[in-house]
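Results of the structural survey
Below, each chain spelled out in residue letters.
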Amino acid sequence: MSDGLVVENVSFSYGSRQALSDVGFHVERGRFCALLGPNGAGKSTLFGLLTGLFTTPSGTIRIAGHDMRRTPRSALAALGVVFQQPAVDLHLSVERNLRYYAALHGIAGREANQRIAEALERLGMAERAGEKVSALNGGHRRRMEIARALLHGPAILLLDEPTVGLDAATRQSITNHIHALATEQGLTVLWATHLVDEVRDDDRLVVLHRGAVRADGEAGAVRGERTIGDAFLSLTEGPMS
Amino acid sequence: MTPQRAGISFREFAICMMAIVNREALRFVGQRSRFLSSLVRPMVWLIVFAAGFRAALGLSIQEPYDTYITYETYIVPGLIGMVQLFNGMQSSLGLVYDREMGSMRLLLTSPMPRWWLLFSKLLAGTAISIVQVYAFLALAALFDIRFSPLGYLAILPVLVLSGLMLGALGLMLSSTIDQLENFAGIMNFVIFPMFFLSTALYPLWKMAEASPILRDICALNPFSHAVEAIRFALHLDINWASLGWTGMAFAVFFAISLIGYDPAKGSMVRKAR
């Protein structure tokens, strides 16, 4: 059983519309995997399944060895998530937002204080702990959400288009940071995006298009002589469903 | 990395619930207009509506009252119910709107059992509704509408039950209904019918004079039973039948909510699209 993220033969449909058909890939422990797909490729549906928002009878999802359908709570305990839509309490302080999340995982008191301090420190946000989230810029809000997703020490981190709407420098800094988490701390990362410049040659790359996996492998090998952008375009050609 | 634990301790359950209640309380404190309107609404009914109706509507002696009462006294339990009804709809239906959808998704990534998360959410809403109720009663007392001091205490456990029931109603609607996209829809199709077709404004016998069918609807309406349970408690009496009805309605609404928020069922799929 792999310690990382396993998606096997996952299919899902909204009524008659097939959103995912026989999707499967493995992300080994400590790897950064970019899930690249144009809008409407099925990324959000896959995230809904990966985060236990809904389940599908066809296929298997295992988070650090825990089956999402059979033992969803163990799977969720091993999972950190940064959603595409910000899920923060704007009028509360950074620290209060983190404290709330820690408590949802049963962590409080001194342990919570320590983890919050560490997580904010790691993201360079320590001095903003007392600020209201509404006073933060987009980049700092995202950092806060990443710090929050790491509070309970997950084995796997899922990020759904985490850099959308951020400026280039902030995007790069966040991308670098998450790469470092994978290589230095053994965190397994699934990073959904439609921005090709966030993918590095030594990343694991899964290209999703119209609900099916179009390419799966090391990004450098997938692109070959082409740029990632060209490779992505040629893999996702054809009309949208 | 933390080792993955199979079981969740009692302490962790408690931490999670307290955090959910605390967050709701902090949000409520931040929304002054919500608090203000939760007070103004029943006060307008009490001061304006009841004053006008006092002359038009004579009330006979009926349980739990042992003497003639003013109309203002009669409608206070109904207005308490109204405060809780509005609050239940606001806190639960907030979940459906985009603004709160993110926080609901975040809540559901917690490894705690889902029924516990949703129950904590309901308890949080109930706690806030109780603060609103006591603020309303304090304001009513300023207008000389007072009850026995013990009555104020006796309604507390009933308010917990009625608050949970009305919150669960909102939660059930939020998990099953997609069409009600704004609060106006909820006002027209849930709050108004529940409020007007209940014993909040008129006793059952008065309704029966108008129409036996209306009376039967009022008698079946769980909101009527919440109001009657509050009314009896406020007069240091217990209406077991109404308490039982309210408890049963809570169980049914909450059970349907749990099915609605079950990841293997359809409703969360619709919300994620």
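Residues numbered from 1 in each chain as written. Chains lettered and ligands numbered in written order. Predicted model: local features only at pLDDT ≥ 70, side-chain atom pairs only at ≥ 80, totals over all residues. Heavy atoms only, no water.

Chain A is annotated in an unreviewed UniProt entry as ABC transporter ATP-binding protein from Notoacmeibacter marinus. Under the UniProt heading Sequence similarities (unreviewed entry), the note attached to chain A is "Belongs to the ABC transporter superfamily." (UniProt positions renumbered as here; feature names shortened; annotations may be inferred.)

The subject of this paragraph is the pattern of salt bridges. All names here are of chain A. Scanning the model with the defined rule gives 20 salt bridges over all chains in all. For arginine 148, the salt bridge is made with glutamate 145, and the minimal N-O distance between the two is 3.2 Å. Separated by three residues within a single helix, arginine 148 and glutamate 145 lie in helix α5 (residues 138-149), roughly one turn from each other. Since its relative accessible area comes to 3%, arginine 148 is described here as buried. (Salt bridge = Lys/Arg side-chain N within 4 Å of Asp/Glu carboxyl O. Helix = DSSP H or I, 4+ residues; strand = E, 2+ residues; numbered from the N terminus. Buried < 20%, exposed > 50% of the residue type's maximum accessible area, 1.4 Å probe, protein only.)

It is worth spelling out the UniProt feature "domain: ABC transporter" (unreviewed entry) in chain A at this point. When the UniProt feature table is mapped onto this chain, "domain: ABC transporter" (unreviewed entry) is found at residues 5-235 of chain A. Overall, residues 5-235 of chain A shows 35% helix and 26% strand. The separation of its end C-alpha atoms is 24 Å.

This brings us to the packing of aromatic side chains. Any pair of aromatic rings gets described here by the distance separating the centres and the angle formed by the planes. All names here are of chain B. Across all of its chains, the model carries 18 aromatic pairs over all chains by this definition. Relative to phenylalanine 35, the ring of phenylalanine 28 lies with its centre 5.3 Å away and its plane at 80 degrees, an arrangement referred to as edge-to-face. Residue classification places phenylalanine 35 among the partly exposed residues on the basis of a relative accessible area of 29%. With a centroid separation of 6.2 Å and 65 degrees between ring planes, the pair formed by phenylalanine 119 and phenylalanine 254 is classed as edge-to-face. (Phe/Tyr/Trp six-rings, centres within 6.5 Å; stacked < 30°, edge-to-face > 60°.)

Once that is clear, we can look at the sheet that holds strand β9 (residues 204-209) of chain A. Residues and elements named next belong to chain A. With mixed pairing, the six strands of this open sheet are ordered in space as β6-β7-β8-β3-β9-β10. Each edge of the sheet is formed by a strand with only one pairing partner; in this case those strands are β6 (79-82) and β10 (212-218). With strand direction ignored, the average angle separating the axes of adjacent strands in the sheet is 15 degrees. Across the sheet, α5 is in contact with β6 and β7 (156-160); its angle to β6 comes to roughly 170 degrees. (Pairing = 2+ DSSP bridges. Axes fitted to C-alpha atoms, helices over the stretch in contact; angles between N-to-C directions. Contact = heavy atoms within 4.5 Å.)

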